[in-house]
Amino acid sequence: MQWLNGSVRISHSVRFTRLLSDANSRTKLFIGGLSYDTNETVLKDAFGQHGEIIEVKVICDRVTGQSRGYGFVKFASEAAAGEAIKEMDGLLLDGRNIRVNYAHKD
């Protein structure tokens, strides 16, 4: 790692490692625009038709327990995740048009 004008410059090996980890994240999807009434069971039922699901998580407020309007679905395969994005992005779920994209770490 090198410092350049007060910012961090990432070495090539770190970038390559990140590319490898990003390839593994091609099975995890970000689902935005969820209704506050949408729960994990609804997400699993809606996305399960596209392939085997490993994990479903709706993000909730710590204090109120109410949904924050987004969640994640992790598929067993990249093909299933890709199919889900293609088929589900922009569709109506619990009265809301949802956004479906690959999840990524920053």
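The rules behind the values
- Residues numbered from 1 in each chain as written.
- Predicted model: local features only at pLDDT ≥ 70, side-chain atom pairs only at ≥ 80, totals over all residues.
- Heavy atoms only, no water.
- Pairing = 2+ DSSP bridges.
- Helix = DSSP H or I, 4+ residues; strand = E, 2+ residues; numbered from the N terminus.
- Axes fitted to C-alpha atoms, helices over the stretch in contact; angles between N-to-C directions.

(A) Quick look at the pairing of strand β3 (residues 28–32). Strand direction decides the pairing type here: β3 and strand β5 (residues 67–75), joined by 5 bridges, are antiparallel. Looking at the pairing, Gly-32 lines up with Tyr-70 of β5. Bridging between β3 and strand β8 (residues 99–102) involves 4 bridges; their strand directions are antiparallel. Looking across to β8, one finds that Leu-29 is bridged to Tyr-102.

(B) Focus on the sheet that holds strand β4 (residues 53–60). Taken together, 4 strands build an open sheet; the order of strands is β4-β5-β3-β8 and the sheet is antiparallel. Every interior strand has two partners, whereas the edge strands, β4 and β8, have only one. Strand after strand, the sheet turns through a mean of 20° between neighbouring axes, direction not considered. Two elements, β4 and β5, share 6 bridges in a ladder whose sense is antiparallel.

It is worth stressing that arrangement in space is one thing and function is another; only the former is reported here.
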